[in-house]
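Below, each chain spelled out in residue letters.
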Amino acid sequence: MRLTLIGTGYVGLVAAVCFAKLGHEVTAVDREQVIHGLMESKLSVWEPELDTLLADTRDSGKLFFDTDVARAAAGADALMIAVGTPTRVDGYTDLRQIREVLGHLMQSGICPPLVIIKSTVPVGTCDELEVSLHAAGLLTEVAYNPEFLRQGSAVYDFLEPDRIVFGCKSHHAETLLRQLYEGINAPVQVCDRRSAELVKYASNAFLAMKISFANMMSDLCEGYGADIRQVVEGVGSDQRIGPDFLKAGVGYGGSCFTKDLKSLLTSGRLIGCSLPLLEATAKINDQRISRMFAKLLSIWMNPIGKRLCVLGISFKPNTNDVRDAPFLALLSHCQRHGIEVHAYDPVVHYVPADGVNVMDSPYDAVRNADAVIIMTEWPQFASLDWPRMIQHMRLPLVLDGRNLLSDEVIAQIIDVNGAIYMPVGRSIDQHLPK
Ligand code: UGA
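Looking at this structure, how should I read the packing of helix α12 (residues 276-286) against helix α13 (residues 288-300)?
In a packed pair of helices, the relevant descriptors are the angle between the two axes and the axis-to-axis distance. Put simply, α12 and α13 touch, their axes get as near as 4 Å, and they point 30° apart. Here α12 is positioned roughly parallel relative to α13, judged by the angle of their axes. Residues Ile284, Asn285 and Asp286 of α12 form the contact with α13, whose own contacting residues are Arg288, Ile289 and Ser290. Among the residues forming the contact of α12 with α13, the class breakdown is two nonpolar, two polar and two charged.

In structure tokens:
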């Protein structure tokens, strides 16, 4: 198939290279500056396997780039839109980038028979977009095909998905969509467009809810001397619940959960439908950093002039994305309290915010620190030379915001004179090996 794909953010680019790998002829379209970077193999996102796949699909003549929507759309069997749909300050989803793409199609009068929306859009959007295309005389069908990629494993998730969802009206659209995904072995759900639009939001909302549930229970565990790791192991072993997304910590971050919850709450408000479970999910998450910070203050008493070493800047491992990262919320607490922040991350070397020194190594970052806090569960943080880390510190205090360190490492930390280890959802003495 010939596919034109608009938008080369992490979703668009991953989809473009993966569809090209499946054998389709893909033209990816973006602004000149972005395409220029891609032509030189410069990726704005750090995603495992993406660079190799990009090079392979370009070399095999399956992946092309363009900067002109209409030119790239001419002769294509389908056009997929994967541009950003950020949340506006009033909670509504900003669909301007999608409308801009449609504007190019309407102006040129060129439009493939199927337009597939990949971006996350509020329920009813595909219906509206189709009406405006038809009004402009472009008798194309608009389908919805949500993405469920996780940053850091996006290529794997694309090629080995749990399910593929098509929201479409006609048999023809379904056939084209099935052709597009031929070669991927996963159950396919075909449904109406509005339901498909909601599948995407509801999936993210449910995952965020699981995390907030675990975090809420972790507070109870701390109060009663239970261990959240044991609790979620027991709960998650029930097949009806499942073990994933039950890790307590500093809360979820990233560009999706917070944005999608806000958008879903706005959709509910618009029709007078309250969604209290989702309000609680967001509220619990918003409180995670204050809670972590309170632990720090309980030891420090006076934070002014203290130095905090932060391990992990990205919102999760295997990505350089800092959007809505818990780190940023922590940073603003530190700024308000006059705390100096020295941070280290294996792939983030710059932070778009004042008041932080990004260091080249964890050992540099921890020098003369009054506490170290693990914000992102990069596996390499678990295997640092922790006794050496502690020896570099002014005050030996370790806050493990992701419950990352093993009992063995914790025992090593505590062995260093008077060092304190504070995990999440466990009483402080539980870290000691029995
Ligand atoms: C999420 C969804 O998992 C994807 O299915 C979806 O396609 C994507 O959003 C999207 O809408 O684009 P992503 O934001 O990349 O993917 O990352 P996740 O792996 O879901 O993690 C989100 C946050 O939750 C991270 O900050 C992570 O550290 C945190 N998390 C995750 C926890 O705090 N505890 C857990 O048990 C799991």
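Sorry if this is basic, but what is going on with the domain arrangement of the protein chain here?
When the parts of a complex come together, some accessible area is lost, and that lost area is often taken as the interface size. Domain parsing of the protein chain yields domain 1 (2-190), domain 2 (200-285) and domain 3 (287-431). Between the C-alpha centres of domain 1 and domain 3 there is a distance of 39 Å. Facing the seven residues of domain 1 at the interface are nine residues of domain 3. Summed over the three residues of domain 1 that lose the most area to domain 3, namely Trp46, Gln151 and Gly152, the buried surface amounts to 85% of that side. The tally of links from domain 1 across to domain 3 stands at zero salt bridges. Our count for the contact surface shared by domain 1 and domain 3 stands at four residue pairs in polar contact (both at pLDDT 80 or more). Of the residues in the side of domain 1 that touches domain 3, the class split is three nonpolar, three polar and one charged.

Sorry if this is basic, but what is going on with the sheet that holds strand β14 (residues 420-422) here?
Strand pairing in a sheet is mediated by backbone hydrogen bonds. Such pairs are either parallel or antiparallel. Here six strands make up an open sheet; going across it, the order is β11-β10-β9-β12-β13-β14 and the pairing parallel. Lying at the two open borders of the sheet, with one neighbouring strand each, are β11 (356-358) and β14. Within the sheet, the average angular offset between the axes of one strand and its neighbour, ignoring direction, is 20°. Where strand β9 (residues 307-311) lies against strand β10 (residues 340-344), five bridges are found, and the strand directions are parallel. Across the sheet, the residue bridging to Arg307 is Glu340, located in β10. Seen against the sheet, α13 touches β9, β12 (371-374), β13 (397-400) and β14 and runs at an angle of roughly 165° to β13.

Before we go on, may I ask you to explain the side chain of Asn145 in this structure?
As for its placement among the helices and strands, Asn145 is situated in the loop between β6 (141-144) and α7 (154-159). A distance of 2.9 Å separates polar atoms of two side chains, one belonging to Asn145 and the other to Lys118. Among the polar contacts made by the side chain of Asn145, one reaches the main-chain carbonyl oxygen of Val165 at a distance of 3.0 Å. Once you skip the residues sitting within four places of it in the chain, Asn145 turns out to touch Met80, Ile116, Ile117, Lys118, Ile164, Val165, Phe166, Leu177 and Tyr181.

Quick question: what am I supposed to make of the site of the ligand here?
Contacts to the ligand come from 23 residues, most closely from Leu149, Gln151, Lys200, Asn204 and Lys316. Measuring from an oxygen atom of the ligand, one finds a backbone N or O atom of Lys247 at 2.8 Å. Between the ligand and the protein, one listed contact pairs an oxygen atom with a side-chain N or O atom of Arg402 at 3.2 Å. Contact with the protein chains removes 93% of the 710 Å² of surface that the ligand exposes when unbound. When contributions to the shell around the ligand are tallied by element, the ones reaching two or more residues are α9 (193-224) and α11 (257-270). The dominant element in the shell around the ligand, judged by the number of residues it contributes, is α9, at four residues.

Before we go on, may I ask you to explain the packing of α11 against α12 in this structure?
Between α11 and α12, the shortest axis-to-axis distance is 10 Å and the interhelical angle comes to 150°. Judged on the interaxial angle alone, α12 and α11 are roughly antiparallel. In this structure, α11 crosses over α12, and the sense of that crossing is left-handed. Facing α11, whose interface residues are Leu261, Leu264 and Leu265, α12 presents Leu278, Glu279, Thr281 and Ala282.

Help me understand the nonpolar core in this model?
Counting 60 residues, the largest nonpolar core has Leu308, Leu311, Phe327 and Trp386 as its most contacted members. For this core, the leading source of residues is α13, giving five residues. The residue makeup of this core includes at least three contributed by each of domain 2 (200-285) and domain 3 (287-431). Every residue in contact with Leu311, bar those within four places of it in the chain, is listed here: Tyr344, Pro362, Val372, Ile373, Ile374, Met375, Thr376, Phe381, Leu384, Trp386 and Met389. Core analysis: the next-biggest nonpolar cluster, separate from the first, contains 42 residues, Ile35, Met80, Ala154 and Leu177 among them.

What's the story with the environment of Gly234 in this structure? I'm lost.
Along the polypeptide, Gly234 turns up in helix α10 (residues 228-236). For the pair Gly234 and Thr266, spaced 32 residues apart in sequence, the C-alpha to C-alpha distance is 35 Å.

For this particular structure, what's the right way to read the packing of aromatic side chains?
Each aromatic ring pair is described using two quantities: the centre-to-centre distance and the angle formed by the ring planes. Applying the stated criterion across every chain, the model contains eight aromatic pairs. Measuring from ring centre to ring centre gives 5.7 Å for Phe166 and Tyr181, while their planes differ by 45°; the resulting arrangement is tilted. A residue pair is termed long-range when its members are at least 10 positions apart, and Phe166 in strand β7 (residues 164-167) and Tyr181 in the loop between α8 (171-180) and β8 (188-191) qualify at 15 residues. Judged by relative accessible area, Tyr181 falls into the buried class, the value being 7%.

Can you walk me through unusual backbone geometry in this structure?
The phi angle of most residues is negative, glycine excepted, and most peptide bonds adopt the trans form. Not every positive phi belongs to a glycine, and Glu49 is a case in point at roughly 75°. Of note in this structure, Asn318 is not a glycine but carries a positive phi near 65°. Along the chain, Asn318 falls in the loop between β9 and α14 (326-336). On the accessibility criterion, Asn318 (33% relative accessible area) is partly exposed.

Rules behind the numbers
Residues numbered from 1 in each chain as written. Predicted model: local features only at pLDDT ≥ 70, side-chain atom pairs only at ≥ 80, totals over all residues. Heavy atoms only, no water. Axes fitted to C-alpha atoms, helices over the stretch in contact; angles between N-to-C directions. Helix = DSSP H or I, 4+ residues; strand = E, 2+ residues; numbered from the N terminus. Parallel < 35°, antiparallel > 145°, perpendicular 65-115°, else oblique. Contact = heavy atoms within 4.5 Å. Nonpolar A, V, L, I, M, F, W, Y, C, P; charged D, E, K, R; others polar. Domains from an automatic or database assignment. Buried area = accessible area lost by both parts, 1.4 Å probe. Salt bridge = Lys/Arg side-chain N within 4 Å of Asp/Glu carboxyl O. Polar contact = N/O pair within 3.5 Å; in protein donor to acceptor, adjacent residues only side chain to side chain. Pairing = 2+ DSSP bridges. Near = heavy atom within 4 Å. Areas by Shrake-Rupley, 256 points an atom, 1.4 Å probe, with all protein chains shown as cover. Left-handed = near helix turned anticlockwise from the far one by under 90°. Core = buried A, V, L, I, M, F, W, Y, C linked by side-chain atoms within 4.5 Å. Buried < 20%, exposed > 50% of the residue type's maximum accessible area, 1.4 Å probe, protein only. Phe/Tyr/Trp six-rings, centres within 6.5 Å; stacked < 30°, edge-to-face > 60°.

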